[in-house]
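Geometric and topological summary
Given next are the chains, with one letter for each unit.
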Amino acid sequence: MRVPVFILAGLLVHCVFLVSIFDIYFSSPLVHGMTPQQTPLPPPAKRLVLFVADGLRADSLYELNSNGTPQAPYLRGILENNGSWGISHTRVPTESRPGHVALIAGFYEDVSAVAKGWKENPVEFDSVFNESKYTWSWGSPDILPMFAKGATGDHVYTFCYAAESEDFGAQDAAKLDMWVFDHVKDFFNSSRSNQTLFSALNEEKVVLFLHLLGIDTNGHAHRPNSREYKENIKKVDEGVKEIASMIDNFYGNDGKTAFILTSDHGMTDWGSHGAGHPSETLTPLIAWGAGVNYPQKVTSQFFEDNFLKEWKLENLKRLDVNQADIAPLMASLIGVPFPLNSVGTLPLEYLNNSAHFKAESIFTNAVQILEQFKVKMSQKKETTLSFLFTPFKPLSDSEQINFLKKTRLYIQQQKYNEAVSLCKTLINLALEGLSYYHTYDRLFLGLSIAVGFVGWTIYVILVIIKTHTNLTKTVQTNNKESTVLFYGFAFVGMIIAFFLLIQTCPWTYYVYCLLPVPVWYAVVRELPVIQDLAANLLSLPIHQSIGFLLVCTLGIEILVFSFFYRSTLTIGLLIFAGWPVITQLWVQAKTTALIWTLLCVLLAIFPLMPVVGREPNVPLVIATGLLTLLFSCFSLASLCKSENKYRNNEDLKVHFYQMLSIALSTYVVSSTHDSLKNKQGLPVLNQIISWMTLVSSSALPLLSPTFLFQRLFSILLSLMSTYLLLSTGYEALFPLVLSGLMFVWINMEQKALQHYGLSLKPKLAVLNFAYATDITQFRQLHLDDIRRSFFFVFFIVTAFFGTGNIASVNSFDPASVYCFLTVFSPFVMGGLLLLKVVIPFVLVSCAFEAIQVTTQLSSKSLFLIVLVISDIMALHFFFLVKDYGSWLDIGTSISHYVLVMSLTIFMMLMNGLAQLLTTRRLKLPRRTKHHST
């Protein structure tokens, strides 16, 4: 297989493996075609007011200040005297859109919404707003439109501020909440002179939704323990008090208004959210007003967390719910049908109503969830061959009828407690059944992907052995045999396709199930190579083979382990530090070996540092900028001194521009930080410089000479200027230390080659990337090249975790992008954060490119070993993905797999990018001098 075809095939295979995880574990749970279900008894409330304080943590609201006073006095008074309270447990991903969907529509959204930035509906869905007579909502343009868009008819009204208002660098984000409160007051005042609006507001089944984004914005900008975040909670508390009082007055205190205050998600101490940490998944819930229970006094209650004591709320009953349970609670309070796709269970303890009403409401809830189960079952039955279909036994048709009859009878006999417990059992079974049918094809798809994965890895190993080693003889292929083989595999593929066709499976199933066929065909075609290899291995002493396999396994396990514990990388780097001693290399090059050991130890400190963004340290970023300038001055001086016949003034100019770029970046970081600290926003000049630096940093290295160290240093300076702009603390130092180690690594590998007698000594200083690709005489792979490739993968993983990232979506700190923009924009911010992750990768990839040049290897051969190592890691994580257990575990397992697959795809792209950055040179048009004749 030719190189470009092989790389394209590799990219395609890995993209399929990456996407498969979402189909196997996270496809949309929604089904359509159910009948709406409504409680037959009159509801306790005519209207509902829903306050959602975006990004509000449960502990931030409930805990007392150091002087013993509450953070939110009005809401504290409500939960102590007027209403019910508890914790609403959210699910991963803890983002605004999925949180609001769970609250208002009652189901947990699939991860496919991430592709729309959690803003658009990937699927149409029903919600409490859609079922209401009228809904008026005020708040963020990111959240409100999605509920209006999905609604039938014209009865959901939205009032949003401009998207530009969501500015992390603004004077005070609490103004977003003030905007909402002011507009609600104006709305009610204007209704007194607008008869149509007045009569609409006096209808039943009315919802008023106030989305309060200030707390979330202040949390991102200043962290949840900041004064700004806490002040914002106080302002929200005062606003809620004013709105509640105004609404009660407007309706003449008719006692028909229910109020609910909650949050869509929490926030980590370092101001991010998205994963499953308790600070992100525990949100407050306070309900009061019509139909809501009063506070219940208790002498003792047990929860695994110890919050009650901290919050001084041990004697008030805490009623915890899952986030999706709030949707049926709202529907029950105002008497609208439960949202069709809701999987929430009505929290009866929040209701202050008759036992009959509670029994009827939970019965409606059970029937509504059972309806979804029936639709899901019939869908799965239609797309599965009858002899292969395995139904969910605990809820057979007869069992369903039995449950419903029994419950109806209990309600008629006024045995309400028995009816309630039976309904809860039915709900649990229906939810289990929904999950059963939703994950029905999981094992089958998982096996297909695993078979494809294993086949691909074996194929890559065979390609390495066949084309880059002397382990096998060239074997003539038998045309007749290969034709039989081809038709055999084609027949298998047709059977699989036919099997999928008669079951009307989605097109993605064809991709997952047919992918192993060509992959394994390619493997089986190389059967002579496998036989040859087996014979070769058997001729080796058995302890050697086993020892080699054990070392390889240990190496890969260390890499896998580092995803769970970053400190594993420190252990690995300390072992690396001793590498010259173990292999006797230090005898040849004492100075180089000593510098290598020192830099390994220095780099080993980074994985032990706290996660980036938790402790911003701008002076350290500025110091790094100055240190980089110092290094570049030394480099410039040595360049000027060198009697290099290849040197010219253009090269010095490029070097000077790069130094200027570093100086400007250092200035921008400093002045932007001061400006944001004084709440003056992001200066426009700084923003322009930042974007110009970003654009120029990709082109400047291409103007520098292609001599090995000159080009690598130029790449470092260019990338460093952008990296400084994206840094908030100690991670700014990381690329400098990493690059230092990379330069020494190139030297060490040169020494290693001489140590094994594989190379003459070309001078590294005069090695040129541009001519390296023309080497016709590449050497074959040596056992030591596996170690080289392992070093590369290890450094790539270190490049990710060493900079303070954790294997999770919540480790990224939005403060990193404040030199570029402060107005919320998920895709631009995500892109910049991704660039920050990529920069250390590029540095390692370029060094690896240099090593391929200095060790006289074709770039393909070493890269194939890298591919095998990363694929074995990915297969590891594929089997570790889970969708059960705590949300922290689920979120982490997905993050790990997505990260390691992305790393593999990245490394393929990085390989190409590194070649471009190191070997290409742009020539600027020179001005020609005209001589007078």
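It should be emphasised that the depicted structure is a prediction, and the values quoted were computed from it without experimental measurement. (Residues numbered from 1 in each chain as written. Predicted model: local features only at pLDDT ≥ 70, side-chain atom pairs only at ≥ 80, totals over all residues. Heavy atoms only, no water.)

1. Observations regarding the overall build of the chain
Within the chain one finds 35 helices and eight strands. Expressed as a percentage of its 933 residues, the buried residues of the chain come to 56%. Relative to all contacts within the chain whose residues are 6 or more apart in sequence, the contacts with residues 24 or more apart total 80%. Carbon together with sulfur atoms contributes 63% to the accessible area of the chain, which is approximately 40,200 Å² in total. (Helix = DSSP H or I, 4+ residues; strand = E, 2+ residues; numbered from the N terminus. Buried < 20%, exposed > 50% of the residue type's maximum accessible area, 1.4 Å probe, protein only. Contact = heavy atoms within 4.5 Å. Areas by Shrake-Rupley, 256 points an atom, 1.4 Å probe, with all protein chains shown as cover.)

2. Looking at helix 27 (residues 649-677)
Residue pairs spaced three or four apart in an α-helix point in one direction, given the helix's 3.6 residues per turn. In this model, helix 27 (29 residues) spans 42 Å end to end at C-alpha, consistent with the 42 Å of a helix rising 1.5 Å per residue. Lys679, located one to two residues past helix 27, shows a positive phi value of around 55 degrees. (Expected span 1.5 Å × (residues − 1).)

3. Re the pattern of salt bridges
Within this structure, the stated rule accounts for 17 salt bridges. Here Glu242 ties to Lys185 by a salt bridge, and the two come within 2.4 Å at their closest N and O atoms. Taken as a pair, Glu242 in helix 10 (residues 227-250) and Lys185 in helix 7 (residues 174-191) lie far apart in primary sequence, 57 residues in all. Given the relative accessible area of 24%, Lys185 is considered partly exposed. (Salt bridge = Lys/Arg side-chain N within 4 Å of Asp/Glu carboxyl O.)

4. Examining a nonpolar patch on the surface
A cluster of nonpolar side chains, namely Phe387, Leu388, Phe498, Phe499 and Ile502, defines an oily patch on the protein surface of about 510 Å² accessible area. Tracing the backbone shows Leu388 in the loop between helix 14 (355-382) and helix 15 (397-412). By relative accessible area, Leu388 is classed as partly exposed at 37%. (Patch = residues over 30% accessible without salt bridge, like charges linked within 9 Å, V, L, I, M, F, W, Y side chains within 5 Å.)

5. A word on the packing of helix 28 (residues 684-699) against helix 29 (residues 708-725)
Two numbers describe how helix 28 lies on helix 29: the axes approach to 9 Å, and their chain directions differ by 150 degrees. In terms of orientation, helix 28 and helix 29 fall into the roughly antiparallel class. Along this stretch, helix 28 crosses helix 29, giving a crossing that reads as left-handed. Counted together, Ser690, Thr693, Leu694 and Ser697 of helix 28 and Ser718, Ser721, Thr722 and Leu725 of helix 29 form the full contact between these two elements. For the contact of helix 28 with helix 29, a count of residues per class yields two nonpolar, six polar and no charged. (Axes fitted to C-alpha atoms, helices over the stretch in contact; angles between N-to-C directions. Parallel < 35°, antiparallel > 145°, perpendicular 65-115°, else oblique. Left-handed = near helix turned anticlockwise from the far one by under 90°. Nonpolar A, V, L, I, M, F, W, Y, C, P; charged D, E, K, R; others polar.)

6. Side note on the side chain of Gln658
Tracing the chain through its elements places Gln658 in helix 27. Overall, the relative accessible area of 2% leaves Gln658 in the buried class. If we skip the residues at most four places from it in the chain, Gln658 touches Leu700, Pro701, Ser714, Leu717 and Ser718.

7. As for the state of the cysteines
Within this structure, the stated rule accounts for zero disulfides. No disulfide involves Cys505; its sulfur sits 7.4 Å from that of Cys513, the nearest cysteine. Judged by its relative accessible area of 16%, Cys505 falls in the buried class. (Disulfide = S-S within 2.5 Å.)

8. Side note on the environment of His876
On the secondary structure map, His876 appears in helix 34 (residues 859-880). Of the residues examined, His876 reaches a relative accessible area of 27% and is grouped as partly exposed. Residues His876 and Val900, 24 residues apart in the sequence, show an inter-C-alpha distance of 9.8 Å. Setting aside residues up to four positions removed in sequence, His876 forms contacts with Glu557 and Val560.

9. Some thoughts on the pairing of strand 5 (residues 206-212)
Across the seven residues that make up strand 5, a large majority, seven, are buried. Neither face of strand 5 is left uncovered, since the one carrying Val206, Leu208, Leu210 and Leu212 and the one carrying Val207, Phe209 and His211 both have all their residues buried. Note: strand 1 (residues 47-53) against strand 5, seven bridges, orientation parallel. Paired with Leu50 across the two strands is Phe209, which belongs to strand 5. Looking at chain direction, strand 3 (residues 134-139) and strand 5 are connected through five bridges and run parallel. Opposite Tyr134, over in strand 5, you have Val206 as the bridge partner. (Pairing = 2+ DSSP bridges.)

10. Concerning the packing of aromatic side chains
Any aromatic ring pair is given by two values, namely how distant the centres are and how the planes are angled relative to each other. Within the structure shown, the criterion is met by 59 aromatic pairs. Look at Phe576 and Phe791: their rings are 4.2 Å apart centre to centre, the planes differ by 25 degrees, and that puts the pair in the stacked class. Of this pair, Phe576 sits in helix 23 (residues 567-577) while Phe791 sits in helix 32 (residues 784-801); the two residues are 215 residues apart in sequence, bridging distant segments of the chain. Both residues of the pair, Phe576 and Phe791, count as buried. Between Phe709 and Phe743 the ring centres are 5.7 Å apart and the planes differ by 70 degrees, which places this aromatic pair in the edge-to-face class. Of the two residues, Phe709 is situated in helix 29 and Phe743 in helix 30 (residues 734-755); the sequence distance between them amounts to 34 residues. A relative accessible area of 26% places Phe709 in the partly exposed class. By way of ring pairs, the aromatic residues Tyr134, Trp136, Trp138, Tyr157, Phe159, Phe187, Phe188, Phe198, Phe250 and Tyr251 are connected into one cluster. Above the plane of the ring of Phe303 lies Arg318, whose end atom (NZ or CZ) is 3.8 Å from the centre. (Phe/Tyr/Trp six-rings, centres within 6.5 Å; stacked < 30°, edge-to-face > 60°. Lys NZ or Arg CZ within 6 Å of the ring centre and 35° of its normal.)

11. Details of the nonpolar core
Counting 148 residues, the largest nonpolar core has Trp596 and Phe795 as its most contacted members. Here the element with the most residues in this core is helix 33 (residues 826-854); it accounts for 15 residues. Setting aside its immediate chain neighbours within four residues, Trp596 contacts Phe576, Ala577, Trp579, Pro580, Leu741, Val744, Trp745, Met748, Phe791 and Phe795. (Core = buried A, V, L, I, M, F, W, Y, C linked by side-chain atoms within 4.5 Å.)

12. Focus on helix 25 (residues 590-605)
Between its first and last C-alpha, helix 25 extends 23 Å over 16 residues, near the 22 Å set by a 1.5 Å rise per residue. Considered for burial, the residues of helix 25 that qualify are Thr592, Ala593, Trp596, Leu599, Cys600, Leu603 and Ala604. One side of helix 25 carries all its buried residues, which in axial view fall inside an arc of 140 degrees. Residues of helix 25 that are exposed and angled more than 90 degrees away from the buried face: Lys590, Thr591, Leu594 and Leu598. (Arc of directions from axis to C-beta.)

13. Topic: the sheet that holds strand 6 (residues 257-262)
Reading across the sheet, the eight strands line up as 4-3-5-1-6-7-2-8 and stay open at both edges, with mixed pairing between neighbours. The sheet is open, and its two edges are formed by strand 4 (156-160) and strand 8 (321-322), each paired on a single side. Judged from the five bridges that link them, strand 3 and strand 4 form a sheet pairing that is parallel. Looking at strand 4, one finds that Thr135 is bridged to Val156.

14. So, the confidence of the model for the chain
With 89% of its residues at a pLDDT of 70 or more, the chain has an overall mean of 85. Taken together, the stretch residues 115-119 has pLDDT below 50 and engages in 17 contacts with residues farther than four places along the chain or on a different chain. (pLDDT = per-residue confidence, 0-100.)

15. Notes on the side chain of His220
Residue placement: His220 occurs in helix 9 (residues 214-222). Within the local environment of His220, its side chain forms a polar contact with the backbone oxygen of Gly271, the two atoms lying 2.8 Å apart. (Polar contact = N/O pair within 3.5 Å; in protein donor to acceptor, adjacent residues only side chain to side chain.)

16. Overview of the environment of Val524
Mapped onto the elements of the fold, Val524 is located in helix 20 (residues 516-525). Sequence separation of Val524 and Phe489 is 35 residues, and the distance between their C-alpha atoms is 10.0 Å. In contact with Val524, not counting residues within four places along its chain, are Leu485 and Phe489.

17. What about unusual backbone geometry?
Of note in the backbone geometry, Asn253 takes a positive phi value of approximately 50 degrees without being a glycine. Relative to the helices and strands, Asn253 resides in the loop between helix 10 and strand 6. Owing to a relative accessible area of 55%, Asn253 belongs among the exposed residues under this scheme. Of note, Lys312 is a non-glycine position whose phi angle comes to about 60 degrees, a positive value. Topologically, Lys312 is positioned in the loop between helix 12 (307-311) and strand 8.

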